[in-house]
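Descriptive analysis of the structure
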Amino acid sequence: MASRAIKPGVVVTPPELQSSSEFFKEGASLRVTGKLQEYSVETAIAVIADQSAILKIDTQHLREISFRVGSIFQFIGELHIQPNNEAILQARIGRNVDGIDLNLYHQSLQLVRQFQAERMNSATM
Amino acid sequence: MDQPSLQNTHVKLLGFDILSLTPSFSNSSIFYLKGNPTSRTEILGVITSREQKPDKFLKLTIDDCTASITCILWLNQHSSHYFSKRQPTTVRVISDLAKRLAADVQIGKVARVRGRITCYRGEFQVTVSDVVIERDPNAETLHWLDCLYLARRCFGG
């Protein structure tokens, strides 16, 4: 039975958000984590980086969050693809996750994806 | 070794496993996961929505990145027929606890929710018995790993 609740933010890493990626879709609900490289108060645009890839985050709808360059943040939101094919995540949720073990996080993410794929394969058999 | 019974424990589940449960035909409070009967669950994720009707209920959504699960925390203990035969002091304690839990629930926080699995209008939900706000940024990762470990060892996954 499908849930009619808000769509979950599928976890992706910034390197996975290339234009050829399956996640690179207008309106896709995504969850991303990365180190804050820069933040503009005027535009409310944050730039996060992970594994040498960067992603812009539109934070205009976020409240009660303090942005500190160098801290690690996690955002959930919808992907917007601009006319120049650059992606920006319009965040509806944001939180500071300083202290997160990113290596463990990435490895665990692969295990979750593998598990989901196995479940879906066994359901269709 | 016999498979342990999952029926009276809060089974740690990923959201997409909750959505793939099979309701029992004979008992509306039992659901099957890979043939294992279960009725309670523990989920953990980011609170992405919150809707409160004072003195009635708090409806929240937990996003654990595999699914969004609706959870209901009842706040109607003083007016509910279900509690009418219980001691007023007991009802007050339960009601106060529910209100404290509701106050902790804020959008953007990570919550560990325990409760009974229910099905309302075709949608799986969790009727909340307990909510804990998790401040450890690694709590979600560890919950994922717990769920995967249990699924592979206990649910035939």
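The structure presented is a predicted model; accordingly, all values stated were derived computationally and were not measured. (Residues numbered from 1 in each chain as written. Chains lettered and ligands numbered in written order. Predicted model: local features only at pLDDT ≥ 70, side-chain atom pairs only at ≥ 80, totals over all residues. Heavy atoms only, no water.)

Moving on to the interface of chain B and chain A. The partner chain A presents 33 residues to the 39 residues of chain B that form the contact. Roughly 3,000 Å² is buried in total at the junction of chain B and chain A, and carbon and sulfur atoms are behind 61% of that figure. Where chain B packs against chain A, one counts five salt bridges. Those elements that provide at least two residues to the side of chain B that touches chain A are α1 (15-19), β5 (40-53), β6 (57-63), β7 (68-74), β8 (110-120), β9 (123-134) and α3 (139-154) of chain B. Among the elements that take part in the side of chain B that touches chain A, α3(B) stands out by supplying eight residues, more than any other. Taken together, the residues of the side of chain B that touches chain A break down into 20 nonpolar, eleven polar and eight charged. (Contact = heavy atoms within 4.5 Å. Buried area = accessible area lost by both parts, 1.4 Å probe. Salt bridge = Lys/Arg side-chain N within 4 Å of Asp/Glu carboxyl O. Helix = DSSP H or I, 4+ residues; strand = E, 2+ residues; numbered from the N terminus. Nonpolar A, V, L, I, M, F, W, Y, C, P; charged D, E, K, R; others polar.)

Moving on to the pairing of β9(B). All names here are of chain B. For β9, a buried count of nine out of twelve residues is recorded, marking the element as mostly surrounded by other parts of the structure. Judged from the three bridges that link them, β7 and β9 form a sheet pairing that is parallel. Across the sheet, residue I72 finds its bridge partner in β9, namely T127. Pairing of β8 with β9 involves eleven bridges; the strand directions are antiparallel. (Buried < 20%, exposed > 50% of the residue type's maximum accessible area, 1.4 Å probe, protein only. Pairing = 2+ DSSP bridges.)

Turning our attention to the packing of aromatic side chains. Summed over the entire model, instances satisfying the criterion amount to nine aromatic pairs over all chains. Where F31(B) meets F124(B), the ring centres are 5.6 Å apart and the plane angle is 70°; that geometry is what we call edge-to-face. With F31(B) in strand β3 (residues 31-33) and F124(B) in strand β9, this residue pair connects regions lying 93 residues apart in the sequence. On the basis of relative accessibility, which here comes to 0%, the residue F124(B) falls in the buried class. On the numbers, 5.9 Å between centres and 75° between planes, the contact of F57(B) with W74(B) is edge-to-face. Of this pair, F57(B) sits in strand β6 while W74(B) sits in strand β7, placing them 17 residues apart in sequence. Among the aromatic residues, those joined into a ring-pair cluster are Y39(A), F67(A), F73(A) and F75(A). (Phe/Tyr/Trp six-rings, centres within 6.5 Å; stacked < 30°, edge-to-face > 60°.)

Before going further, it helps to spend a moment on unusual backbone geometry. Despite not being glycine, Q51(A) has its phi angle at roughly 50°, a positive value. Assessed through its relative accessible area of 47%, Q51(A) is described here as partly exposed. The backbone of R121(B) sits at a positive phi, close to 50°, despite the residue not being glycine. Looking at the element boundaries, R121(B) is found in the loop between β8 and β9. We classify R121(B) as exposed; its relative accessible area is 65%.

So, on to the side chain of T61(B). Structurally, the position occupied by T61(B) is in strand β6. Side-chain polar atoms of T61(B) contact the side chain of S49(B), separated by 2.6 Å. (Polar contact = N/O pair within 3.5 Å; in protein donor to acceptor, adjacent residues only side chain to side chain.)

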